[in-house]
Structures are given as structure tokens and as C-alpha cells.
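Fold and contact review
In case you want the letters, here they are:
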Amino acid sequence: MIDALTDLNSAEAIKRNELRVKKPRVFEKIQRFDSLAQRGFISPILRLAWSYLCNFECDHCCAEHRMDRFLIKITGKPEQRRRMDYSDLARLAQEADEYGIYRFVLTGGEPTTWRDLFKVIEVLDPNRHLVIMDSNAWLLGEKPEFITRLAEAGVYKMQISLDSFVESEHDHFRNKPGSYKRVLKILPMVMDAGMKLMVSTCLVRDRAFSQEFEDLCRYCNDIGAMLYVTYAKPTGTCGQHEDWVVTKRDADRIRELEKKFDITTHMTPSYMRDKTAGSAPLGHYDGCITVKGINTVEPTGDIVPCPYMDWSIGNILDEPLGAVLDRGMRNRWLGPQRNDCLIGEDMQFIQIHNAKVAERKAQGNYDLPVPYGEGFSDADLITA
Ligand code: SF4
Ligand code: SF4
């Protein structure tokens, strides 16, 4: 096997060495990925939306229409479909490990609201996978001992949302007064507890040019956390705010700022690296990362190839994870390399995607994602 360490710069090699010692199985999988990626081997992040329960109601949420509170408002009933149980989750973790996957991101919803959060972490097994967690920080700020428990349970990295470096703007965007203060309070505590830290921020049109955004970039640099920038998309709650959707001008500005600060999006070259000491690489920069770089595992077991899409590529309760991913890579929309954003820029796909979701809603069917066969289907497969 090629020793990928020999191809890395020394800083990156030190980070990898930390993993080699602390998490040898993860290290082995990263090595395999690095040496085989050029031949089409994939090792995507699996975002595990174990539950969509959330204590916030953010303006830009792309998960709101999956939540029970939304379903109850519209249909009078919470989610009715079968949910994954712990044995399904254990099988998923096993199949992911065998496939060469090494990253699970706990997301939702807000993972700190899950009563069985620590059980979920245990079943995933932090020795075999990097367990990373998204959080709005509210409950962590309320009970800082929560942070230590997460570190002790094996959580590798926290991804904390901070949507403006101006207190009133963040709190307004998140519809939660006091949120900004809690975020800033817990950021150093996460690192002190021994976890890696990433700050996530949602970029709306023109924000990249503001003093506030530059101040946030500088602050993250100063505390040693990478800033992960997600672009507002015309889906979910953001669908009501077309004026938020970023333009090429914004994206070009981010590329400029990347040269100065440790920031990235999943569509820009910095995605290759994370300067945070001891961090594993974020991914391989190669344009849109549907299937190949990111997939969400829904509570129902459906696999969705992009956080902003509402169509499934298959369900792990019906077939093995590897079969779903391999078929996803043969899908003409999702598999081939592309530099544009499928759900943000490809008008043909956006229209087909949104029309199918709207058609189901018009029939009173609010179950998302659209199951495989009704949205994505075998008709989309590339034939040899
Ligand atoms: S915290 Fe996250 S999941 Fe909860 S409403 Fe806000 S964006 Fe949505
Ligand atoms: S479709 Fe867009 S948002 Fe989704 S993975 Fe591709 S580039 Fe990212």
C-alpha cells in the first residue's frame, strides 16, 4: 500500500500521526482513501439525523419541514414512518466501516436535545469512526459539564453555529436572544475539553463583503478554529428568502478571503485542509460532493445525497449502505464530477426536484425525502 503520509506536508503529517496513535482504525481508513481516491474510491461524510428535534427556530433552517412540530402544524400528526432503531444503527456503523467511511456527523435538529445522544455515540463507536457533532450551543452554554461528557464519550469535533459576529444579528437570525453569548462562552471550552472545533456560519448575499464577516474570520483565526461557510440555498425555510441566495460575486470574495484566513466551503480549495491542530482532513476538493463527499442518513433510514435535497437515493433498512452509495455514484445527476451546485444552479434539476416535492404536498403527502423510485430512480442510472 502507498504510504500517503510521505505525500503530505509536515504539519499534515503530524495531524495524521496523532490519529495513527489515538484512532488506528480511522487512520487506516484515511490512508486507504488517500491512496485510492484517484481510482474512484469514495469515503463520504455520513450526516446522521437521528432525530429532527430542535430547541431553535432559525430563519434559514433547511430541516424545519422534516420536523414533527412542522408536520403536526400541517397534518395534525408527527412522523408516522418506521424509524431506525439501535440495531439498525449498529448495522449502519458496521457497513460504513467496511465501506471505508470514517466520519459521522451528528446533526438534526439539535443533537444536544436527544435523550439518547450518548447511546447513539456509543453505538457508532468513536474508536472506528470520527464522531463529529453539529450544535447551536444553547444547552452546552446552559450546562458546561455537558461539554466534558461529550469529550469523554469520544466526540472528536464540535461544529458550532455562529451566524454573525454582531450579537443582535446572530440572535435575530437564530430567533434566540442570548444565543450569541452562549456560543462565544463555549467555544474555548470545547477546545479545552480536548475536542476539535469548527465554527459554522451561513452566508447570505453580500455578507462576505461586510466588516462583520471579516471580523468573524479573524476571530476564528485567533482562537484556532476553522470557519466553515455554508451558502444559503433556495430550499427549506430559506425558500422564502430568495434575496439571501449568494451570487458568484459572493463566492469569488470567499475565495479571496480563503487566502488570508482559515475558512472554507465544501466547494473551494481550502476544503482539502483543516489547520486545526490534530484534525483529520475535511475532504477532497473536487466540486459538488453529492454521494461522493456527503450524505444524510434520515431517521427513516433514507440516504439523501445533499443537505439541501429532498430526494432519497435508497434506504438502508431495505438494502446495504454500499449498494445505495454505489448506485448513487452511477446516477447521472449525482455521480459525475461537476463544478456547479446541482441544487443551487442547475435549473433543470431544481425544477424537476421542486415540482415532485410540490406534487406530493398537493396530494397531502408531506413525507420527506421522496423515496427512491419516485424522485431519483433507475431511469437516472448511467449505462455502461
Ligand atoms: S438550530 Fe439548526 S436544526 Fe435547529 S432550527 Fe436552527 S438551523 Fe434548524
Ligand atoms: S448540490 Fe450544491 S449544496 Fe449539494 S453537495 Fe452539491 S454543491 Fe453542495
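What counts, and at which threshold
Residues numbered from 1 in each chain as written. Chains lettered and ligands numbered in written order. Predicted model: local features only at pLDDT ≥ 70, side-chain atom pairs only at ≥ 80, totals over all residues. Helix = DSSP H or I, 4+ residues; strand = E, 2+ residues; numbered from the N terminus. Buried ≥ 20, exposed ≤ 12 C-beta atoms within 10 Å, placed from the backbone. Contact = placed C-beta atoms within 7 Å. Near = placed C-beta within 6 Å. Nonpolar A, V, L, I, M, F, W, Y, C, P; charged D, E, K, R; others polar. Core = buried A, V, L, I, M, F, W, Y, C linked by C-beta atoms within 7 Å. Pairing = 2+ DSSP bridges. Expected span 1.5 Å × (residues − 1). Arc of directions from axis to C-beta. Right-handed = clockwise from strand over helix to strand, strands pointing away. Axes fitted to C-alpha atoms, helices over the stretch in contact; angles between N-to-C directions. Parallel < 35°, antiparallel > 145°, perpendicular 65-115°, else oblique. pLDDT = per-residue confidence, 0-100.

With that out of the way, let us pick up the overall build of the protein chain. A count of helical and extended segments in the protein chain gives 14 helices and nine strands. Across the 384 residues in the protein chain, those meeting the buried criterion constitute 43%. Counting only contacts in the protein chain whose residues sit at least 6 apart along the sequence, the fraction spanning at least 24 positions is 71%.

We now examine the site of ligand 2. Close to ligand 2 lie His 266, Met 267, Cys 288, Ile 289, Thr 290, Ile 294, Cys 306, Tyr 308, Cys 341, Leu 342, Ile 343 and Gly 344, which account for all nearby residues. Per-class residue counts for the shell around ligand 2 are nine nonpolar, three polar and no charged.

Attention now goes to the nonpolar core. It is characteristic of soluble globular proteins that their nonpolar side chains tend to be buried jointly. In terms of nonpolar packing, the biggest core is built from 99 residues, with Leu 48, Phe 104, Val 131, Val 199, Leu 203 and Leu 227 touching the most fellow members. Excluding residues that lie within four positions of it along the chain, Val 199 makes contacts with Ile 160, Leu 162, Cys 220, Ala 225, Leu 227 and Tyr 228.

Taken in spatial order, the nine strands line up as β7-β6-β5-β4-β3-β2-β1-β8-β9 in an open sheet, and their pairing is mixed. Where the open sheet ends on each side, the last strands, each with one partner, are β7 (263–264) and β9 (303–304). Where strand β8 (residues 294–297) and β9 come together, two bridges link them in antiparallel fashion. Within the sheet, the bridge partner assigned to Val 297 lies in β9 and is Ile 303.

Before going further, it helps to spend a moment on the site of ligand 1. All residues in the neighbourhood of ligand 1 are listed as Cys 54, Phe 56, Glu 57, Cys 58, Cys 61, Ala 63, Gly 108, Gly 109, Glu 110 and Asn 136. A breakdown of the residues in the shell around ligand 1 according to their chemical character gives five nonpolar, three polar and two charged.

Taking 1.5 Å as the rise per residue, helix α4 (residues 86–99) with 14 residues should run 20 Å; its terminal C-alpha atoms sit 20 Å apart, in good agreement. Considered for burial, the residues of α4 that qualify are Leu 89, Leu 92, Ala 93 and Ala 96. Down the axis, α4 shows its buried residues gathered within 100 degrees of arc, on one side only. Those residues of α4 that are exposed and angled more than 90 degrees off the buried face are Ser 87 and Glu 98.

What follows is about the pairing of strand β6 (residues 226–231). Counting buried positions along β6 yields five of six residues, so the element is predominantly enclosed. Two strands pair when backbone bridges link them, and strand β5 (residues 196–203) and β6 are joined in this way by six bridges, in the parallel orientation. Each bridged residue has a counterpart across the sheet, and for Ser 200 the counterpart in β6 is Tyr 228. Crossover connection from β5 via helix α10 (residues 211–223) to parallel β6: handedness right-handed. One ladder, built from two bridges, connects β6 with β7; its direction is parallel. Bridge pairing in β7 places Tyr 228 opposite Thr 264.

Taken residue by residue, helix α5 (residues 117–124) has Leu 117, Ile 121 and Leu 124 as its buried positions. Take α5 and look down its axis: the buried residues cluster within an arc of 65 degrees, on one side only. Considering only its buried residues, α5 is in contact with α4, β2 (103–107), β3 (130–135), α7 (145–153) and β4 (155–161). Two residues or fewer after α5 comes Asp 125, characterised by a positive phi angle close to 75 degrees.

Running from amino to carboxyl end, α4 crosses helix α12 (residues 321–329) at an angle of 55 degrees, the nearest separation of the two axes being 9 Å. Relative to α12, the element α4 is oriented oblique. Together, Leu 92, Glu 95, Ala 96 and Tyr 99 of α4 and Leu 321, Gly 322 and Leu 325 of α12 make up the contact between the two elements. The residue makeup of the contact of α4 with α12, split by class, is five nonpolar, one polar and one charged.

The buried count for β2 comes to five of five residues, which makes it a mostly enclosed element. Along β2, one buried face is formed by Arg 103, Val 105 and Thr 107 and the opposite face, lined by Phe 104 and Leu 106, is buried too. Across four bridges, strand β1 (residues 45–49) lies against β2 in parallel orientation. Within β2, the residue paired with Ala 49 across the bridge is Thr 107. As paired strands, β2 and β3 are joined by four bridges and run parallel to one another. For Val 105, the partnering residue across the bridge sits in β3 and is Ile 132. Considered for its hand, the β-α-β crossover made up of β2, α5 and β3 is right-handed.

Our next topic: the confidence of the model for the protein chain. A residue-level look at the protein chain finds 89% of positions with pLDDT of 70 or above and a mean pLDDT of 90. Counted against residues more than four places away or in other chains, residues 1–6, with its pLDDT under 50, gives seven contacts.

Time to look at the environment of Glu 79. Of note, Glu 79 is situated in the loop between α3 (68–75) and α4. You can call Glu 79 partly exposed: it has 18 C-beta atoms within 10 Å. Glu 79 sits 288 residues away from Asp 367 along the chain, and the two C-alpha atoms are 7.9 Å apart. Here Glu 79 is in contact with Asp 68 and Leu 71, once residues within four sequence places are set aside.

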